[in-house]
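So the chains spell out like this:
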Amino acid sequence: MTYRIGSGSGFSGDRVDAAIPVVRQMIADGGGGALIFETIGERTLALGHLARRSNPQHGYDPLLSELLAPILANCIRSSIVVVGNFGVANPRAAADRIARLAGELGLDGIRIAVVEGDDIREGLDLSGLERWEGDTELSAGPSDIISANAYIGARHIAEAIKNGAQVVVTGRVADPSLVLGPLVAHFGWDWTDWDRLAAGTLAGHLLECGSQVTGGYFADPGFKDVADLADVGFPIAEVEVDGSFTITKPHGTGGVVDLRTVKEQILYEIHDPAAYLTPDVILDMTQVAIAQVGKDRVAVSGARGRPAPDRLKATIGVSGDWLGEAEISYAGPNALARARLAADVVEARLKSKTSRVRRRYDFIGALSVFGGDDAGPHDQVLPEGPDIRMRLAVSASDKAEAELALREVGALYCTGPAGGGGIRTRLQSRINTASYLVPRSMVEERHTFWEGEA
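My aim in this report is to walk through the structure given alongside it, one point at a time.

**Details of the side chain of Asp362**
Its location among the elements puts Asp362 in strand S16 (residues 358-364). The buried category is assigned to Asp362, whose relative accessible area is 4%. Here Arg360 takes part through its side chain, which lies 2.6 Å from a polar atom of the side chain of Asp362. With sequence-adjacent residues up to four places away left out, Asp362 is seen in contact with Leu367, Ser368, Arg389, Met390 and Arg391.

Here it is, written out as structure tokens:
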């Protein structure tokens, strides 16, 4: 029997109303199934840990209530299990907030499970760990570590659902595991049935980024047109017991599901299509077949799997340097020349004061994205434009050095070229991340049911 899983969010900060039409469609199709929320990124997780440091009741996704309030009651009453990594760095606090929200909605006796074990900060020694090959160098000592979280798998999500969970709150699990867990719980797949685990993981990979598979991050007017992107529908996977599935979206929503959108998402962030490593299975996508089987309906089959890797990926977040940005606009005749003169003035001032600040100059309206970090104000021939915004970006280990550089742009109001205005400055500390491979023995996965404990 077909089991439906919908996506309600593809990243932290996604649209909080996206899940409403997904749930409405799932109920119209008979109810049941699962709704997932993917809200964690590497730096999102580190920021969650910082928030928890400042307040033990914080550290979960700040939009948690806005995401769940519109749909939680309908999900519970229609037997749609809610699974989300919106617990971020504090799944227990997230569970407490969901329990209070459920009480406000009149949902008595809601069963909330918390999946933990991903946080491996305690006693962590980076010196004995192998760096994941996709990351660059990261220098960190024990005092610098903000977060250390392993990507755990679907097993305890599945166990929690089989034990009666109506909502499952996790921290850092692998994104596709949010989908695989409900599928294993529903179909009873064995944890060594590698092809079915691979199929469920592929379904999760297609759902994990929300509307990317339904036209978001795809549209390119005149080349890849997408209707009504402002009301893009989020995806639903209709999965069969053999692991084959169809990707679709709610009726009446914008966006598109076709061979192009599905192909793009299949290949999104894939290190090796023949060996996509997850905590649950190694997914081989090379024999996957897709077919358009109706309007906004694409069938997917042919995933193959191999035994899961011996080690888990873990992302470490450490304190970084300071990032400063300052901008000023010039408009009208000779705008580019005035913007370049402004950059010359700032550069001369910085050279006379410090050599420890890394910096780059952009001329928004003429060149920004393709400019190199090492390019000076006059290193490229640029097109004239009616208005140019000069942007200085600096990186410094010393906050005061970064502040000094930004003040030089602020001073351009009266000490720079004619007609400058609209100055904006911003300074923030940065978090650096890198990933390592850790033995599974370092991770103690578990799930418990929320009972209101402190």
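**A short note on the packing of aromatic side chains**
For the coordinates displayed, the defined rule picks out three aromatic pairs. Both rings, one in Phe187 and one in Trp189, keep their centres 5.3 Å apart while their planes meet at 15°; by these two values the pair is stacked. Using a relative accessible area of 16% as the deciding quantity, one classes Phe187 as buried. Connected via pairs of aromatic rings, a cluster forms that spans Tyr3, Phe187 and Trp189. The ring of Tyr151 carries Lys313 above its face, with NZ or CZ at 5.2 Å from the centroid.

**Let's talk about the sheet that holds strand S14 (residues 304-306)**
Sheet strands pair by backbone hydrogen bonding; their relative direction is either parallel or antiparallel. Read across the open sheet, the three strands follow the order S10-S11-S14; overall the sheet is antiparallel. In the strand order of this sheet, the two ends are held by strand S10 (276-277) and S14, each with one partner. Pairing analysis gives three bridges linking strand S11 (residues 282-284) to S14, with the strands arranged antiparallel. When the sheet's bridge partners are listed, Leu283 is paired in S14 with Gly305.

Calculation criteria
Residues numbered from 1 in each chain as written. Predicted model: local features only at pLDDT ≥ 70, side-chain atom pairs only at ≥ 80, totals over all residues. Heavy atoms only, no water. Helix = DSSP H or I, 4+ residues; strand = E, 2+ residues; numbered from the N terminus. Buried < 20%, exposed > 50% of the residue type's maximum accessible area, 1.4 Å probe, protein only. Polar contact = N/O pair within 3.5 Å; in protein donor to acceptor, adjacent residues only side chain to side chain. Contact = heavy atoms within 4.5 Å. Phe/Tyr/Trp six-rings, centres within 6.5 Å; stacked < 30°, edge-to-face > 60°. Lys NZ or Arg CZ within 6 Å of the ring centre and 35° of its normal. Pairing = 2+ DSSP bridges.

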